[in-house]
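Examination of the molecular architecture
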Amino acid sequence: MQKISIVGAGRVGETTAQILAEEELCREIALYDVREDVPEGVALDIFQTAPFFEFDCRLTGSNDPAIMAGSDLVVVTAGFPRKPGMSRSDVLAANVKIIDEVTDHILAHAPHARVLVVSNPVDTLTYRIAQRTGWARSRVFGQAGVLDASRMAAFIAEETGFSALDITTIVLGGHGDTMVPMPRYCTINGVPVGQFIAPQRLEAIIERTRKGGAEILALRKNSSAYDAPAAAVAAMVDAISNDRKRLMPCVALLEGEYGERDIAMGVPCVLDERGLARVVELELDDRERRDFAHSVAAVRADIERLAAL
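Let me sum up the structure you'll find in this document. (Residues numbered from 1 in each chain as written. Predicted model: local features only at pLDDT ≥ 70, side-chain atom pairs only at ≥ 80, totals over all residues. Heavy atoms only, no water.)

**Observations regarding the layout of surface pockets**
- Roughly 1000 Å³ of internal volume is contained in the largest pocket.
- Lining the largest pocket are 47 residues, and of these Thr 77, Ala 78, Gly 79, Phe 80 and Pro 81 lie nearest its centre.
- The leading source of residues in the lining of the largest pocket is helix α4 (residues 92-109), at five residues.
- Of the residues that constitute the lining of the largest pocket, the class distribution is 21 nonpolar, 16 polar and ten charged.
- Its boundaries defined by the atoms lining it, the second largest pocket holds a volume of some 790 Å³.
- Val 146, Ala 149, Ser 150, Ala 153 and Thr 169 are the residues nearest the centre of the second largest pocket, which is lined by 32 residues in total.
- Looking at the lining of the second largest pocket, the elements that each hand over two or more residues are α6 (145-160), β7 (167-168), α8 (212-220), α9 (227-241) and β12 (246-255). (1 Å grid on protein atoms, 1.4 Å probe; cavity = no way out; pocket = protein on both sides within 12 Å on 5 of 7 lines; lining within 4 Å. Points joined across faces, edges and corners; volume = space filled by probe spheres on them. Helix = DSSP H or I, 4+ residues; strand = E, 2+ residues; numbered from the N terminus. Nonpolar A, V, L, I, M, F, W, Y, C, P; charged D, E, K, R; others polar.)

Okay, structure coming up:
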């Protein structure tokens, strides 16, 4: 990948740029932000770490959206973060205005790019960008499930003492309290997690996963999570940039999968050089179907709110 633009030079955007540069997942990173001089300062600061981390990816920053020109991928992190006690849906009204403007900039300056949405509420805003651009779902998708799955894996590692490297997890549904962690599909080096964790403890991990972002927000007090979200973005970018064909839970526009259409939800997807190559349907049991339907209803409620915003 030659060029990646990051919209929003806040904590998530800055940390994402740092990881992408260190891992040399592209030749150029452009940071765009409306705050005067901020993206330039972030780009310069990160580029000055190049001698230490031994990368030669170039970083630039600007308040001019034209800096996105020629991007292969645009990562959207801009928006108002939630505060303690707020849900991701609570920032919808403020963030949809920002996202609409960002979408217009992408259409004007990076019309051939793929778009990876991070801003919250990510399911609804991914849907919004897809609707405004009219682009195929392979080009507009969101980051959430990769982050939620990594949180669940970390909690399982804490509970069992096993290495996090051997833990594979998957989370479906909306990125919020109605997300659907899938313990039936979670393993420790191929062994189902139920072999090592009692049902009651596993239920506690599921609930903690649903509230993983809120837990960090309550602890940090002055900011939401940014290290793990940035690492999740980098994992997705790596899959696309290196055409890895990785199976990862992402926010995708559904076209009949799981019985749903005209909605963006977290589902297992294959990522390759095209972006989101395809959606993978899992067999769900009765409880999983109920939980997924509940999550769908929550995301649809936010999508219906868009008409009034």
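**Remarks on the pattern of salt bridges**
- Under the definition given, this model contains 26 salt bridges.
- With its nearest N and O atoms 3.0 Å apart, the salt bridge here joins Asp 33 to Arg 35.
- Assessed through its relative accessible area of 8%, Asp 33 is described here as buried.
- Where salt bridges share partners, they join Asp 177, Glu 203, Glu 207, Arg 210, Lys 211, Arg 287 and Asp 291 into one cluster. (Salt bridge = Lys/Arg side-chain N within 4 Å of Asp/Glu carboxyl O. Buried < 20%, exposed > 50% of the residue type's maximum accessible area, 1.4 Å probe, protein only.)

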